[in-house]
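Single-letter residue listing:
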Amino acid sequence: MSQKVNLNAYFERIGFAGSIAPTLATLELIHALHPAAIPFENLNPLLGLPVNLDLASIEKKLLSEKRGGYCYEHNLLLLAVLRELDFSARGLAARVLWSDPTAIDRPPTHMLLAVEIGGATYIADVGFGGLTLTAPLKLKSETEQATPHETFRLTGGEPDWVLEARLGEEWKPLYIFDTTEKTAEDYAASNLVLSTDSPFTRELRVALSPSGRRLALRNNRFTTHVQGEPSESRLLTSLAEMREVLSGSFGIQLPAADLLDPKLEAILAQAGTEA
C-alpha cells in the first residue's frame, strides 16, 4: 500500500466534493457515495480473468475503466483513500454467514475495514454486494444503527463480532469478524480461491446502492429494492437486455464483447433450461 492513491480520480468517480479532514462526517459522505457509484460485480472471475489486488490494477479497473469489483478491490481502494486522507484505518477479514450459517467454521473470504476516529472504532465496508453498508457503523454491541438504507447492528465482541441487518421484522446475520489487522498476504490466498474456484466463476452477481434504492442482478434476474416499497424483479431474456442493464443501470463499461457475450448467452440459456 506504499503507492499513493489518485484521490482526484477517486473523488470524480464517486462524485465527492467537500472537506477532506479525517472526521466522521467525511467518512460518512465517502461511505455513502462509493457504493452508489462503483458497482459490486464479478465479471472478471466469470470471464476467467484474474482479479489483481495491487493498487495500480484496482485504480485502473475501478476508476479509469469504469468497472466494479468485489470486496477486496472495493475495500483495498477505500483503505488506500482513507490512509491518504490521514485516517487511521486497517483491513480486517470476515467469514460470510449470509448464504451459509455453517461458514462460521471456515476460513474468512470477505474484507472490511476498521477506522479509528476520536477514540472510537468504526466498521466500514463498501464491498458486500446487495447488502453492503452505506454508512460506517460504530463498533458497539447490541445497538441498532440506521444507515441511508437498512438498519444494522453488531452483536458479540471480544473477540468475535457479528454484523446483522434488519430485514422486515427479522435480523439476518451477514458475517462474523474480529478486529485483528490483516495484510495483503492474508487476502491473496482467499482472493485466488474466490476468483478461480467459487460461485463467482459460475454466476453473474452485480449490485449498486444509490440513494434510496438497491439494484441487484443475479444471473438474469434484475431486482430493484426501493425503501418502503415492495421489491420489483424481472427476468432479462435477451443479450441486448443484459448488456443494457449492465451498462445503463449499473454504469459498467463492459469488457470486450467477444469475452462477455458468450458468458451472458450461456447464462440466458441456462435460465431457459431451468424455467
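Definitions and cut-offs
Residues numbered from 1 in each chain as written. Predicted model: local features only at pLDDT ≥ 70, side-chain atom pairs only at ≥ 80, totals over all residues. Heavy atoms only, no water. Pairing = 2+ DSSP bridges. Helix = DSSP H or I, 4+ residues; strand = E, 2+ residues; numbered from the N terminus. Buried < 20%, exposed > 50% of the residue type's maximum accessible area, 1.4 Å probe, protein only. Contact = heavy atoms within 4.5 Å. Expected span 1.5 Å × (residues − 1). Core = buried A, V, L, I, M, F, W, Y, C linked by side-chain atoms within 4.5 Å. Polar contact = N/O pair within 3.5 Å; in protein donor to acceptor, adjacent residues only side chain to side chain. Axes fitted to C-alpha atoms, helices over the stretch in contact; angles between N-to-C directions. Parallel < 35°, antiparallel > 145°, perpendicular 65-115°, else oblique. Nonpolar A, V, L, I, M, F, W, Y, C, P; charged D, E, K, R; others polar.

Undergrad: Any chance you could explain the pairing of strand β12 (residues 221–226) here in plain terms?
TA: The side chains of a regular strand alternate, first on one face of the sheet and then on the other. Where strand β11 (residues 213–218) and β12 come together, 6 bridges link them in antiparallel fashion. If you follow Ala216 over to β12, its bridge partner there is Thr223. Connecting the antiparallel pair β11 and β12 is a turn made up of 2 residues, with Asn219 showing a positive phi of about 55°. As paired elements, β12 and strand β13 (residues 232–235) share 4 bridges and run antiparallel to each other. Across the sheet, Phe222 pairs through a bridge with Arg234, a residue of β13.

Undergrad: Even after reading the chapter, I still don't get the environment of Gly251, so can you show me in this structure?
TA: Note that Gly251 resides in the loop between α7 (239–249) and α8 (257–274). Overall, the relative accessible area of 36% leaves Gly251 in the partly exposed class. Those residues in contact with Gly251, other than ones at most four positions away along the chain, are Lys66 and Leu246.

Undergrad: What should I look at first to understand helix α2 (residues 24–37) in this one?
TA: Each α-helix winds once per 3.6 residues, and so residues spaced three or four apart point in a common direction. For α2, built from 14 residues, the straight-helix expectation of 20 Å at 1.5 Å per residue is met to within 8% by its first-to-last C-alpha distance of 20 Å. In this structure, the buried residues of α2 make contact with α1 (7–14), α5 (71–84), β3 (110–117), β4 (120–124) and β10 (205–208).

Undergrad: I keep staring at the nonpolar core and nothing clicks. Help me out?
TA: Most often, soluble globular proteins have nonpolar side chains that are buried together. In terms of nonpolar packing, the biggest core is built from 42 residues, with Tyr10, Tyr72, Leu77, Leu78, Leu82, Met111 and Val115 touching the most fellow members. Looking at this core, the elements that each hand over two or more residues are α1, α2, α4 (55–64), α5, β2 (88–96), β3, β4 and α6 (184–196). Take this core: its biggest share by element is 9 residues, from α5. For Leu82, the residues in contact, after removing those within four places along its chain, are Leu27, Phe87, Ala89, Leu113 and Val115. One finds Leu47, Val206, Leu236 and Leu268 within the second-largest nonpolar core, a separate group that totals 19 residues.

Undergrad: When you look at the side chain of Arg153 in this model, what are you seeing that I'm missing?
TA: In this fold, Arg153 is placed in strand β7 (residues 151–157). One polar contact links Arg153 to Glu164, side chain to side chain, over a distance of 2.5 Å. Apart from residues no more than four positions distant in its own chain, Arg153 is found in contact with Glu142, Thr143, Glu144, Val162, Leu163, Glu164 and Trp171.

Undergrad: What's the story with α5 in this structure? I'm lost.
TA: End to end, α5 covers 20 Å across 14 residues, agreeing with the expected 20 Å (1.5 Å per residue, within 8%). Within the span of α5, buried status applies to Cys71, Tyr72, Glu73, His74, Asn75, Leu76, Leu77, Leu78, Leu79, Ala80, Val81 and Leu82. Once α5 finishes, Asp86 follows within two positions and takes phi at roughly 70°, a positive value.

Undergrad: Explain the sheet that holds β12 to me, please; I cannot follow it from the model alone.
TA: Sheet strands associate in pairs through backbone hydrogen bonding, adopting either a parallel or an antiparallel arrangement. Spatial strand order, β1-β10-β11-β12-β13: 5 strands in an open sheet with antiparallel pairing. At either end of the open sheet lies a strand with only one pairing partner, and these are β1 (40–41) and β13. Of the strands in this sheet, β10, β11, β12 and β13 are in contact with α7, which crosses β11 at around 145°.

Undergrad: Explain the packing of α1 against α2 to me, please; I cannot follow it from the model alone.
TA: For any two helices packed against each other, one specifies the inter-axial angle together with the distance between the axes. Closest axis-to-axis distance for the α1/α2 pair is 8 Å, and the angle between their directions is 70°. What the angle tells us is that α1 and α2 run roughly perpendicular. Contact residues: α1 offers Tyr10, Arg13 and Ile14, while α2 offers Ile30, Leu33, His34 and Ala37. When the residues that make up the contact of α1 with α2 are grouped by side-chain class, the tally is 5 nonpolar, 1 polar and 1 charged.

Undergrad: Even after reading the chapter, I still don't get the pairing of β10, so can you show me in this structure?
TA: Sheet topology places β1 next to β10; 2 bridges connect them, and they run antiparallel. Bridging across to β10, Glu41 finds its partner in Val206. Here 4 bridges tie β10 to β11, and the two strands are oriented antiparallel to one another. Residue pairing for β11: Leu208 is matched across the bridge by Leu215.

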